[in-house]
Amino acid sequence: MALGKSRLTAAVGEALRPRLALAFALDTVAAALACPAVRGVAVVTDDPLAGAELAALGARIVPDSPGAGLNAALAHGAYRVRSRRPELAVAALNADLPALRPAELGRVLAAAGAFPRAFLSDAAGIGTTFLSAAPGADLNPVFGGPSRAAHGASGAAEILLDGVDSVRRDVDTGADLRAALSLGVGPATAALRGALDPVPGH
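Residues numbered from 1 in each chain as written. Predicted model: local features only at pLDDT ≥ 70, side-chain atom pairs only at ≥ 80, totals over all residues. Heavy atoms only, no water.

1. Brief notes about the environment of Gly67
Then comes step 1: Mapping Gly67 onto the fold places it in the loop between strand 2 (60-62) and helix 4 (70-84).
Then comes step 2: As a C-alpha pair, Gly67 and Thr45 span 22 residues in sequence and 9.5 Å in three-dimensional space. (Helix = DSSP H or I, 4+ residues; strand = E, 2+ residues; numbered from the N terminus.)

Set out below in structure tokens:
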């Protein structure tokens, strides 16, 4: 988390950025664990502080042994989950969804269940915040940049749902943060709300 969310530095400052990145992850994981459709959450990280705090929420921590970037980490996490439970569907979720609502995630998971692989685009319609793979299907993540087009080209089906804004609202910039705050963020991010005033443009 110390290196995460570098694009937020201009909006919140270097001192607050890593604290926010961890808060986003804590709120994302807590909301996912509160979703009845979720059997468990695995987090791929080598960050000792993040690992300890996320494990305390109930997440399984998987070391990032590939050390080769986001997509390799996600594929590794899916492999580790299925090495124990090969019959499970798996899903990758951005760790920067501080406004995530368990009920909205449940709707996305239900829609994803109709496809071998499925994804949800971000609020901008360019990236991806969610990718799933049914039992027997490889996750094959291609996050980063215009990943909505990349996941579509990889054969994954796009989930077309309204009313799941909290699952689409990842936070990379000050504008994204303002939008997440407007939706209502989880307790870890909310605890830093005072330090965020004023968020530029808010």
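Further notes follow.
2. A few points about the sheet that holds strand 4 (residues 117-121)
Then comes step 1: With mixed pairing, four strands are arranged side by side in an open sheet as 3-5-4-6. On the outer flanks of this sheet lie strand 3 (90-93) and strand 6 (157-158), each paired with one strand and no other.
Then comes step 2: As paired strands, strand 3 and strand 5 (residues 128-133) are joined by four bridges and run antiparallel to one another. Each bridged residue has a counterpart across the sheet, and for Val90 the counterpart in strand 5 is Ala133. (Pairing = 2+ DSSP bridges.)

3. Some thoughts on the pattern of salt bridges
A side chain with one charge can pair with a side chain of the opposite charge if their charged atoms come near.
Then comes step 1: Inspection of every chain in the model, using the stated rule, returns three salt bridges.
Then comes step 2: The salt bridge partner of Asp176 is Arg169, with a shortest N-O separation of 3.2 Å. This pair shows no difference in class: Asp176 is buried, exactly as Arg169 is. (Salt bridge = Lys/Arg side-chain N within 4 Å of Asp/Glu carboxyl O. Buried < 20%, exposed > 50% of the residue type's maximum accessible area, 1.4 Å probe, protein only.)

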